[in-house]
Amino acid sequence: MRRVPTMKQLQYLIALADARHFGRAAEVCAVTQSTLSAGIRDLESVLGTEVAERSKRRVVMTRLGGRVAEMADEILREAEAIMALARADPEPMTGEIRLGVIPTISPFLLPRVLPVLRERFPRLLIYLREERTAGLLAGLEHGDLDLVLIALPYETGDLTVDVVGEDEFLFACRRDHALAGTSVVTREALAGAELLLLEEGHCLRGHTLDVCRIGDVRARAQFEASSLHTLVQMVAAGIGVTLIPRLAVDADISRGADISLTPLAVPASRQLGLAWRQTSTRVADYRLLAETLRGVLGT
């Protein structure tokens, strides 16, 4: 393995560059002069060149020594930042959390939950990524994300999953549709309707099909949407009908759209789950975050 300077050697170099005297530099580092001198010699051995010109009266830094001292100062500042980060990490709900959220949850839940998190945990910084479930789980597995908020059921392997709420499905159709205005919509009526779906890759597509118990939907899904907002507009245009999660309905996704929303005769829902790696060292924080999400969804 290639030799590199140690942190201690870099500290000695910075002190020597500032003091221009071995004795005073040793005092700054709280070591003997011989210890500091030996450390500088070891550093020069690693670098393969001298960092200072010595005389009995003074120390003059070489051009390289001065430049290395400047770079060493930057390195030590970064090392101190690492230590500060490590010291802050044990404190609950502080530091950074990289959270992934699927598109059928994030625009409807995050505006409600982020202000609560800012108020309760002002020292917590959350970085967000919106992506479909498969991409989020891959990011979690590779360590690019700390935890993800997804819709269940979905295969999550050996991840830890904490269910934070239920999200009921509502039947959505245009107001002049034959099923508009009914008290409930049966599964049989739903199976006979022109069903609109999200594109392949959205877990909500699979959840919708599970609710309807429809296997071959290609003849019915003449159009596919990339988002729930587009799906609502397609329903309002009379292209077909769909199922919309209550989470989106409560966020006024249908405001201004000429659609009717009706409960299902046999209620159906998806679960919202917070997932993280079993090996994570911040499980206590994630449990607290899950509890906060349950509180927001409960209201």
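Please refer to the structure placed before this passage.
What comes next concerns the included structure. Here the structure is a predicted model, which means the values were calculated and not measured.

Looking only at helices and strands, the protein features eleven helices and eleven strands. For a compact globule of 299 residues, the expected C-alpha radius of gyration is about 19 Å, and the protein comes in at 30 Å, more than 25% above that figure. A principal-axis box enclosing the C-alpha atoms of the protein has dimensions of 100 × 35 × 35 Å. The 299 residues of the protein split such that 45% are buried. Taking the contacts inside the protein whose residues are at least 6 apart along the sequence as the reference set, 74% of them involve residues at least 24 apart. Total accessible area computed for the protein in this model is approximately 16200 Å², and 51% of it derives from carbon and sulfur atoms.

What follows is about helix H11 (residues 283–298). Each α-helix turn comprises 3.6 residues. Residues three or four places apart therefore point the same way. If you check H11, its first and last C-alpha atoms are 22 Å apart, about what 16 residues at 1.5 Å a residue would give, namely 22 Å. Those residues of H11 that are buried lie in contact with strand S3 (95–101), helix H5 (106–120), strand S5 (147–152), strand S6 (160–174) and strand S11 (269–276).

Once that is clear, we can look at the layout of surface pockets. To find leftover empty space, one rolls a probe the size of a water molecule over the atoms. When its volume is computed, the largest pocket comes out at roughly 160 Å³. Arg112, Glu166, Leu247, Asp250 and Leu297 are the residues nearest the centre of the largest pocket, which is lined by eleven residues in total. Residues that form the lining of the largest pocket fall into these classes: three nonpolar, two polar and six charged.

Now for empty space enclosed by the protein. Tallying each qualifying case throughout the model produces three cavities of 30 Å³ or more. Empty space within the largest cavity amounts to approximately 50 Å³. Contributing to the lining of the largest cavity are Leu99, Leu110, Val113, Leu114, Leu117, Leu149, Leu274, Leu289 and Leu293. It is H5 that contributes the most residues to the lining of the largest cavity, four residues altogether.

On to the nonpolar core. Membership of the largest hydrophobic core comes to 66 residues, with the highest contact counts inside it found for Phe171 and Leu274. Not counting residues up to four positions away in its chain, the partners in contact with Leu274 are Leu99, Leu147, Val148, Leu149, Thr160, Val161, Asp162, Val164, Tyr286, Leu289, Ala290 and Leu293. With 18 residues, the next largest nonpolar core counts Leu13, Phe22, Ala25 and Leu36 among its residues.

Taking 1.5 Å per residue, 15 residues should reach 21 Å; helix H3 (residues 33–47) reaches 21 Å between its end C-alpha atoms and fits that length. By the burial criterion, the buried members of H3 are Leu36, Ser37, Gly39, Ile40, Leu43, Glu44 and Val46. Against helix H1 (7–19), helix H2 (22–29) and strand S1 (52–54) lie the buried residues of H3. Immediately downstream of H3, the backbone of Gly48 shows phi near 80 degrees, a positive value.

What follows deals with the packing of aromatic side chains. Going through the model one piece at a time under the given rule, you end up with one aromatic pair. Consider the rings of Trp276 and Tyr286, whose centres lie 5.5 Å apart with planes at 50 degrees: the pair is tilted. Of the two residues, Trp276 is situated in strand S11 and Tyr286 in helix H11; the sequence distance between them amounts to ten residues. Just as Trp276 is buried, Tyr286 falls in that class too.

Another aspect to go through is the environment of Pro103. Structurally, Pro103 is set in the loop between S3 and H5. Assessed through its relative accessible area of 23%, Pro103 is described here as partly exposed. Separated by 47 residues in the primary sequence, Pro103 and Ile150 have C-alpha atoms spaced 9.3 Å apart. Once residues within four sequence positions are removed from consideration, Pro103 is found in contact with Phe108, Glu130, Glu131, Arg132 and His202.

Calculation rules
- Residues numbered from 1 in each chain as written.
- Predicted model: local features only at pLDDT ≥ 70, side-chain atom pairs only at ≥ 80, totals over all residues.
- Heavy atoms only, no water.
- Helix = DSSP H or I, 4+ residues; strand = E, 2+ residues; numbered from the N terminus.
- Rg over C-alpha atoms; globule rule 2.2 N^0.38 Å.
- Buried < 20%, exposed > 50% of the residue type's maximum accessible area, 1.4 Å probe, protein only.
- Contact = heavy atoms within 4.5 Å.
- Areas by Shrake-Rupley, 256 points an atom, 1.4 Å probe, with all protein chains shown as cover.
- Expected span 1.5 Å × (residues − 1).
- 1 Å grid on protein atoms, 1.4 Å probe; cavity = no way out; pocket = protein on both sides within 12 Å on 5 of 7 lines; lining within 4 Å.
- Points joined across faces, edges and corners; volume = space filled by probe spheres on them.
- Nonpolar A, V, L, I, M, F, W, Y, C, P; charged D, E, K, R; others polar.
- Core = buried A, V, L, I, M, F, W, Y, C linked by side-chain atoms within 4.5 Å.
- Phe/Tyr/Trp six-rings, centres within 6.5 Å; stacked < 30°, edge-to-face > 60°.

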